[in-house]
Amino acid sequence: DVEEADVGQVRLLVSGVDVDVRVQYHFGSELGWIGGVVVGRYRRGCVIYEPDELAQDSTSTAMAWLVEWDDGDTECVDLCLERQSRDARAGNWHLEADPDGSASASGN
């Protein structure tokens, strides 16, 4: 459906998420925030990580991305607009920013 595709594209643009962009994701009270670089979109068959403190089945493939985390792990996470926040709660995420306030891409 063309209208659904358009809504998806708008969500991507608004979120600011794209390949090579750095994000911070809150993995829950035990791990807290971990940064990483977005390496690609969700691919069918990938498991989307859900922190234990997040309601079960509350993730979606619509805004799921594969991220290579600074600790060396690679996980698919749901970077939905509804949880784009700097509040330290499981499942929340935000873009990392350069000192000038713009979203940072890896290698910059």
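Just so we're clear, the structure is a prediction, and the values are computed from it rather than from any experiment. Going along each chain's sequence as written, the residues are numbered from 1 onward. Reporting in this predicted model follows two pLDDT cut-offs: at least 70 for local features of residues, and 80 or more for side-chain atom pairs to be given and counted; totals over whole chains, interfaces and linings ignore these cut-offs and use all residues. Derived side-chain values reflect all non-hydrogen atoms in the structure, with water molecules and hydrogen atoms excluded from consideration.

### Overview of the pattern of salt bridges
- A pair is scored as a salt bridge if a Lys or Arg side-chain nitrogen falls within 4 Å of a carboxyl oxygen belonging to Asp or Glu. Scanning the entire structure with this criterion turns up three salt bridges.
- A salt bridge links Asp-70 to Arg-22; its shortest N-O distance comes to 2.8 Å. Pair noted here: Asp-70 is in the loop between strand 3 (64–69) and strand 4 (74–78) and Arg-22 is in strand 1 (residues 22–26), with a separation of 48 residues, a long-range link.
- One salt bridge in this structure joins Asp-78 and Arg-83, with 3.2 Å as the shortest N-O distance. Across this residue pair, the class does not change: Asp-78 and Arg-83 are buried.
- Within the structure, one salt-bridge network assembled from shared partners comprises Arg-22, Asp-70 and Glu-96. Here a strand is any run of E in DSSP of at least two residues, a helix any run of H or I of at least four, and the numbering for each starts at the N terminus. Whether a residue is buried, partly exposed or exposed follows from its accessible area with a 1.4 Å probe, protein chains only, as a fraction of its type maximum: under 20%, in between, or over 50%, in that order.

### Here we look at the packing of aromatic side chains
- Working definition: rings of Phe, Tyr and Trp (its six-membered ring) pair if their centres are within 6.5 Å, and the pair is stacked with planes under 30 degrees apart, edge-to-face with planes over 60 apart, and tilted otherwise. Across all of its chains, the model carries four aromatic pairs by this definition.
- A centroid spacing of 5.0 Å and a plane angle of 55° characterise the contact between Phe-27 and Tyr-49, whose relative ring orientation is tilted. In this pair, Phe-27 is assigned in the loop between strand 1 and strand 2 (33–41) and Tyr-49 in the loop between strand 2 and strand 3, connecting sequence segments 22 residues apart.
- Residue class for Phe-27 comes out buried when judged on its relative accessible area of 8%.
- Given a relative accessible area of 24%, Tyr-49 falls into the partly exposed group.
- Each ring, one from Phe-27 and one from Trp-69, has its centre 5.0 Å from the other, and the planes form 85°; the classification is edge-to-face. Here Phe-27, found in the loop between strand 1 and strand 2, pairs with Trp-69, found in strand 3; they are 42 residues apart in sequence, far enough to count as distant.
- On the basis of relative accessibility, which here comes to 4%, the residue Trp-69 falls in the buried class.

### Re the pairing of strand 2
- Bridge analysis of strand 1 against strand 2 gives five bridges, and the strand direction is antiparallel. Bridge assignment links Tyr-25 to a residue of strand 2, and that residue is Ile-34.
- If you look at the hairpin formed by strand 1 and strand 2, you'll find six residues sitting between the two strands, and Gly-28 has a positive phi there, around 110°. Note on pairing: DSSP must find at least two bridges between two strands before they are called paired.

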